[in-house]
Structures are given as C-alpha cells and as structure tokens.
Amino acid sequence: MSGTGATRLLIRDLEQLVTPAGRDAPLRGRALADVDWLDDAYVLCTGGVIDSVGRMRDLPALDGDVVELDGSGHCAIPGLVDCHTHPSFAGDRVEEFSLRAAGASYEELHAAGGGILSTVRATRAASEDELERAVRRHAAWMLRAGTTTFEGKSGYGLDRDTELASLRAVAAAGGVPTWLGAHAVPPEFDDADTYLDFALSEVLPDAAGLAEAADVFLERGAFDAAPARRYLEACRAAGLSLRLHGDQFSESGAVPLAIELGACSVDHLEATGADGARALARSDVVGVLLPVSALFLGRPMPPARALVDSGAAVALATDFNPGSAFCESLPLVCSLACTQLRLSPAEALGACTVNAAHVLGRAGHVGRLAPGFAADVVLLDAPDWRYLAYHLGGDVVGAVVRGGDLVWSRSRRTAS
Ligand code: NIG
Ligand code: FE
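Residues numbered from 1 in each chain as written. Chains lettered and ligands numbered in written order. Predicted model: local features only at pLDDT ≥ 70, side-chain atom pairs only at ≥ 80, totals over all residues. Heavy atoms only, no water.

Draft legend 1. Structural view of the packing of aromatic side chains. Tallying each qualifying case throughout the model produces 14 aromatic pairs. Taken together, a centroid distance of 6.1 Å and an interplanar angle of 90° make the contact between Trp-141 and Phe-320 edge-to-face. Linking Trp-141 in helix α4 (residues 128–144) with Phe-320 in the loop between β13 (314–316) and α12 (330–339), this pair joins segments that are 179 residues apart in sequence. On the accessibility criterion, Trp-141 (22% relative accessible area) is partly exposed. Aromatic side chains Tyr-195 and Phe-198 sit 6.2 Å apart centroid to centroid with 45° between the ring planes, which places their arrangement in the tilted category. With a gap of 3 residues between them, Tyr-195 and Phe-198 both fall in helix α6 (residues 192–210), about one helical turn apart. (Phe/Tyr/Trp six-rings, centres within 6.5 Å; stacked < 30°, edge-to-face > 60°. Helix = DSSP H or I, 4+ residues; strand = E, 2+ residues; numbered from the N terminus. Buried < 20%, exposed > 50% of the residue type's maximum accessible area, 1.4 Å probe, protein only.)

This is how it looks when you write it as structure tokens:
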C-alpha cells in the first residue's frame, strides 16, 4: 500500500510494540529508560495519525475500509528521528578517508584546505537540481534505516546561492533545514569576522525564511567563541533557534555559550569534562551525542553515562556527512550507544526518538507510538525490539510506515 495516509491502516499481530513512556520531553535521568512494552500488539492509524495502540485481544471491531499490514515476526518502534545530519553535499571524501587510514588526522587535513573545504568546492560546483537529488538520495538511505524525520544542515556552500539552495533542497526532501552558515571560513575571506560581515548581511535575511535553526562549528581552526557568539546572537534575533557543534576536539566554550544563549542543543561533546557535563545537566540544552563521528575519526567517545546519570537531556544522531561520519544508520548509532556509551537499549531508543524530536521542536508530534502522534512506525524484522541495537550492522529494519503509508519494505522495496 502507498498513498496519502488518508486511509485507515491496521498494523496487526506484532510480536512486540515498544515506545518511550509518558508524554514528557525531553526525558532525563531514569525516565530515559522508561518504555511501554506490549506483546501481541497492534497499531491503528487514520489519516496519517495514530488512533490507538494495544494488545490484539483488545482490538475493537473496525467498520469500513481498513488496510491491514501483517506485523507477525516483527516488533514496532516509533519512526526514528535523526536530529543532526549534513546531507546537502556533492562529491565524496573517500581519498581523505584513505589518507586518515594511513595516519593523517582530520584536523591536519582541515588546516591544509582539505576536509570541509574540499566538500565546499564540490558542492559549489553542483547545480541546485543536483543538490536536491543528492539530498533526496541521502534521505532515502536514512528512510531504509528507519529514519522518518530528519534534520539537514547546509554548511557546504558558504556562499549565498549554495547555502540557500541547500536549505531548499533539505526542505524539498522532507527534512528540517538548519542554516550551518558558520561551518568554516571559506578561502575568499581573510578571517571569521569578515566572512560573518558577509554571511549575516547577505545570507541570513533569506536563510531565516528557509531554516528553523542556525548552527556553528565552535572549534579551534573553525570559529572561536567570540565570532560564534556574534553569529548566534544575530541568528537568534532573526528568529532562528540555536544549535552548536561544540567540544568535538577541544573544550571550546560551546557549553557555557549554549546555556547562556538558550540554545536547543550542543552537539558532539567528545571533549567535554566533568564541569561541562554538570553545567549541561542543570540546563535545558540537550547534549546531542554522535558516536559514529567519534568512531570514524578514532576519537574518544562522549561522556554519555555521566551526562544521563547527572540528569542532562541527551539525544543520539548520526552526524551523516562525507567527512567525519559517512553513515546514515540510527540502528548502528544505537549499537554504538549500547557498546561504547554504556546506554541501555531503552535509553538509546528514547535518545533517538522523543529526545531527538524535542531538539527539533516536534516532541508532541513524532517520536512516540501513542494516540495523536504521526503514524510513523518502524517494523523491526526481529523477535525482540532490542535487536535494534543488538544486531550490530544488521539489516534489522523490515518495513517503514510514515504518515500512515508503507514507504519502504525490505520485501517490496517500495519507493519513498
Ligand atoms: O559534525 N565538525 C564539523 N562538522 C561535521 C563534519 C563535516 C565534514 O567533515 O565535512 C561534523 O563532524
Ligand atoms: Fe555535524
């Protein structure tokens, strides 16, 4: 089946149905591990929204047309939410990947004009049509891995036309656009401030109409705290919510700045120490953890256990991009969360559903299997929902329903 989500859909005979419990967001501390878990379950959806979930024995009699999807042998979890991706790029960085395998470091390649700036060159050379096709291709990869909601950043144009084209391409592919106007200083500018003079006067007025949030790479070799503050304050004044790439290689001042400016999130945190973790725990800023990026670059993992145990709100995301995390799979992120970050499968699930939805301002709409939520459902082809994390690198997603439509199934390869 496919279509508009206007019909009724019954997903029946599920082995298990698992969803973050309650209605709160973000989930912190012990509440992050709280899931509602039903055996022999169903999900009933109408017009793209969940009507009810329950046990098969409690399924009400249904009148009228109902499309049925056989869930036997499968477990249902909410459609996954990827709150941090960089899908708008052309070219690849496979050469750099090989150089790093031979010992070059990410920061050395960046300082030598490779890294992010090599993707900027390729992306500027692409047409808007090519960029849109690239983002759609990347979004289709995410969907097959169970992602039904994704955020997508610009940041590989760093000129007016390519940045705006990237934001339009993300929206056209169904993503939530974030203007990463401060990703790197492009080569035609001498320093961060002269670049920001241009970006804030020539790009921000239009970017603010296309994006929901603004993001900055606050790091040595990228943007220091002072220009990062200037960029974020201007973006906030233009109505954008704020995100930061922070503490990826060094504790850079991103955590205090994020808290002071009321940002939605600070992302990476591989270098965050005990004081930063404590400060985040006392704040409303979500720590977005990106374990694939740490793995891909051979860096230390972020202090996830300390963050959760001290009461910080954390989310998990892929950081999908061509340089530091060429990986679109949130199931793999969940595997890394359980094996490297010492989170439980239930904590990992909450972090890439309801908490990620909170980062994107959508926690009342996606990220749970509950009445009134979007009918976004992942069917895991597994006898237990924890295979999501347990089957490391496995082909665990059997089918994906988005907005009440079956948009992908392993057996039918439905187009999105
Ligand atoms: O989140 N750290 C900054 N930005 C991206 C990487 C971008 C790239 O290497 O192309 C990240 O890791
Ligand atoms: Fe990133």
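Draft legend 2. Broad picture of α6. For α6, built from 19 residues, the straight-helix expectation of 27 Å at 1.5 Å per residue is missed by more than 12%, its first-to-last C-alpha distance being only 23 Å. Along α6, the helix axis deviates most sharply at Leu-204, where the bend reaches about 55°; the proline Pro-205 sits within four residues downstream. Residues Ala-192, Tyr-195, Leu-196, Ala-199, Leu-200, Val-203, Leu-204 and Ala-207 constitute the buried set of α6. Those residues of α6 that are buried lie in contact with α5 (160–172), β8 (176–182) and α7 (225–237). (Expected span 1.5 Å × (residues − 1). Bend = angle between axes of the 7 residues up to and from the residue. Contact = heavy atoms within 4.5 Å.)

Draft legend 3. Highlighting the environment of Arg-12. If you trace the backbone, Arg-12 turns up in strand β1 (residues 8–20). Residue classification places Arg-12 among the partly exposed positions, given a relative accessible area of 24%. Separated by 293 residues in the primary sequence, Arg-12 and Arg-305 place their C-alpha atoms 36 Å from one another. Side chain to side chain, Arg-12 and Asp-13 meet in a polar contact 2.9 Å long. (Polar contact = N/O pair within 3.5 Å; in protein donor to acceptor, adjacent residues only side chain to side chain.)

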